[in-house]
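Observations on the model geometry
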Amino acid sequence: MVSKTITFRFPEEVIEAIEARAKATGSNRTAVLMQALAQAYGLPSPTAAPISTTTLQQQFQTLEQQVVTVLEQISESVSTLKQNAVIAAQAGALQHRHILIEEPTERGELARSPQEFPLIAHFEHKAKMLDQILSATPDLVLVQDRLGRFAYVNFAGARALGFEQSYFLGKTCSELGTTPDIEDLFSAKCETVFTTGRPVNGEISIPALYETRDYEYILSPIYSGDSSIEAVVCTARDITERKLAEVALRKSEEEYRNLFELANDSIFIIDASTNRILNANRNAARRLGYTRRELLQLSFADVEAQRIDQETLNSELQKIGSVVYEHKLRRKDGTEIPVEISSRLIESGEQLALQSFVRDLVRPQESD
């Protein structure tokens, strides 16, 4: 009978059943598995064929090449973190859940050839290097299989969730007692990735020891050799400081808008190069008799009742950054208003602008 070497991957429950059967019959796991397959297909009980050293060498060379490729990609882009997690998860799977059909010894144990040990040690060294690289990144990296069990978690991920790295392996979210938000992330959303094959992203808050941290995450599929999805890798980046900065910016902008709108003076934001009115508060529009929408269609020259030496004004602004001068503005109905204007240079978006505060100038009445 022609023999071929095949690598099987079983759930832990099946492995335990095979080992129990082997112990009860005084046989080895390979023999039990081959007898079960022969019985299932109505074939005579075969003799286990030993795995060849050449085949094993090729398998480990293939895996080693994958490791080298991933390491090269890591140095080029942070996005390759998920590929590193794939290799790390595969290494854990090889160590914990694979059964290799190997040559049985006289005592019923699985034999390993002398050439195999250096290869295993070399691969384990590569896997350890990958774990060290992934643990050096501040981003969280976690891998979960189809049964909802964690196959890998880097140091940052374990620390954020409050467990040791080794404690995660083989456990589900329910067994870890995680929060409902985290359980939803690694159940419903992971199931979406398994079903559609498409990445899922979003934001999540994770309670820490003294505070709650905000993370931006992406869940991506991990494909096996037969193009099926065998696991999902989650990479999450801490965005707490960014969120706090956004809140502070919104608060600052809100305070500025309040000051801008409630000020007693008329306030104009004017393009320094074109003299177009970029913005004006409600008091400016009301004082000149325009709606704000109408006012924003004009240039500042359209509301000036007299001309000024713009070059001199710009020169003063360039020298000291601000200038105060008396002027006259024209209302929509044509009447003129004497005013005092205080202007300074500012940045508005990506352009240079003038912020001008305009105050009515009350002149004393001349006596008879």
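Residues numbered from 1 in each chain as written. Predicted model: local features only at pLDDT ≥ 70, side-chain atom pairs only at ≥ 80, totals over all residues. Heavy atoms only, no water.

As a further point, take the overall build of the chain. In terms of regular secondary structure, the chain is built from 13 helices and 12 strands. In the chain, which comprises 368 residues, the share counted as buried stands at 39%. If you take every contact in the chain between residues at least 6 apart in sequence, the share linking residues at least 24 apart comes to 45%. By element, 51% of the accessible surface of the chain is carried by carbon and sulfur atoms, the whole surface being about 22,400 Å². (Helix = DSSP H or I, 4+ residues; strand = E, 2+ residues; numbered from the N terminus. Buried < 20%, exposed > 50% of the residue type's maximum accessible area, 1.4 Å probe, protein only. Contact = heavy atoms within 4.5 Å. Areas by Shrake-Rupley, 256 points an atom, 1.4 Å probe, with all protein chains shown as cover.)

Attention shifts here to the pairing of strand 3 (residues 140-145). Of all 6 residues in strand 3, 6 are buried; the element is thus mostly enclosed. Along strand 3, one buried face is formed by L140, L142 and Q144 and the opposite face, lined by V141, V143 and D145, is buried too. The pairing of strand 3 with strand 7 (residues 229-238) spans 6 bridges and is classified as antiparallel. Within strand 7, the residue paired with L142 across the bridge is C234. Note that strand 3 and strand 4 (residues 150-153) share 3 bridges and pair antiparallel. The residue bridging V143 from the neighbouring strand is Y152, located in strand 4. (Pairing = 2+ DSSP bridges.)

Our next topic: the pattern of salt bridges. Using the criterion set out here, one finds 15 salt bridges in the structure. With a shortest N-O distance of 3.1 Å, E203 and K243 are connected by a salt bridge. Taken together, the positions of E203 in strand 5 (residues 200-207) and K243 in helix 10 (residues 240-262) put the pair 40 residues apart, joining distant regions of the chain. On the accessibility criterion, K243 (27% relative accessible area) is partly exposed. (Salt bridge = Lys/Arg side-chain N within 4 Å of Asp/Glu carboxyl O.)

Let's shift gears to empty space enclosed by the protein. Taken as a whole and assessed by the stated rule, the structure comprises 3 cavities of 30 Å³ or more. In this structure, the largest cavity spans a volume of roughly 80 Å³. Lining the largest cavity we find L140, L142, L161, I182, L185, F186, I204, I206, Y217, C234 and A236. Going through the elements one at a time, strand 3, helix 9 (180-196), strand 5 and strand 7 are the ones with two or more residues in the lining of the largest cavity. By residue number, the principal contributor to the lining of the largest cavity is helix 9, which donates 3 residues. Its volume calculated, the second largest cavity comes out at about 60 Å³. Taken together, I270, N275, F300, E304, I308, Q310, L313, Y325, S343, L354 and S356 form the lining of the second largest cavity. (1 Å grid on protein atoms, 1.4 Å probe; cavity = no way out; pocket = protein on both sides within 12 Å on 5 of 7 lines; lining within 4 Å. Points joined across faces, edges and corners; volume = space filled by probe spheres on them.)

To summarise the sheet geometry, strands pair through backbone hydrogen bonds and adopt either a parallel or an antiparallel arrangement. Pairing within the open sheet is antiparallel, and its 5 strands lie in the order 9-8-12-11-10. Of all strands in the sheet, those bounded by a partner on one side alone are strand 9 (277-280) and strand 10 (322-330). When strand polarity is set aside, the average angle formed by the axes of neighbouring strands in this sheet is 30 degrees. Both strand 8 (residues 266-271) and strand 9 contribute to a ladder of 3 bridges, which runs antiparallel. Residue pairing across strands places I269 opposite N279, the latter belonging to strand 9. Sheet strands touched by helix 10: strand 8, strand 9 and strand 12 (351-360). Its angle to strand 8, the strand with the most contacts, is close to 115 degrees. (Axes fitted to C-alpha atoms, helices over the stretch in contact; angles between N-to-C directions.)

What follows is about the environment of L176. Structurally, L176 is set in helix 8 (residues 173-176). L176 sits 14 residues away from G162 along the chain, and the two C-alpha atoms are 9.9 Å apart. Those residues in contact with L176 that lie beyond four places of it in its chain are F150, F163, Y167, F168 and K171.

Taken in spatial order, the 5 strands make up an open sheet running 4-3-7-6-5, and their pairing is antiparallel. If you trace the sheet from one side to the other, it starts and ends with strand 4 and strand 5, each paired once. Averaged over all neighbouring strand pairs, the angle between strand axes comes to 25 degrees, with direction disregarded.

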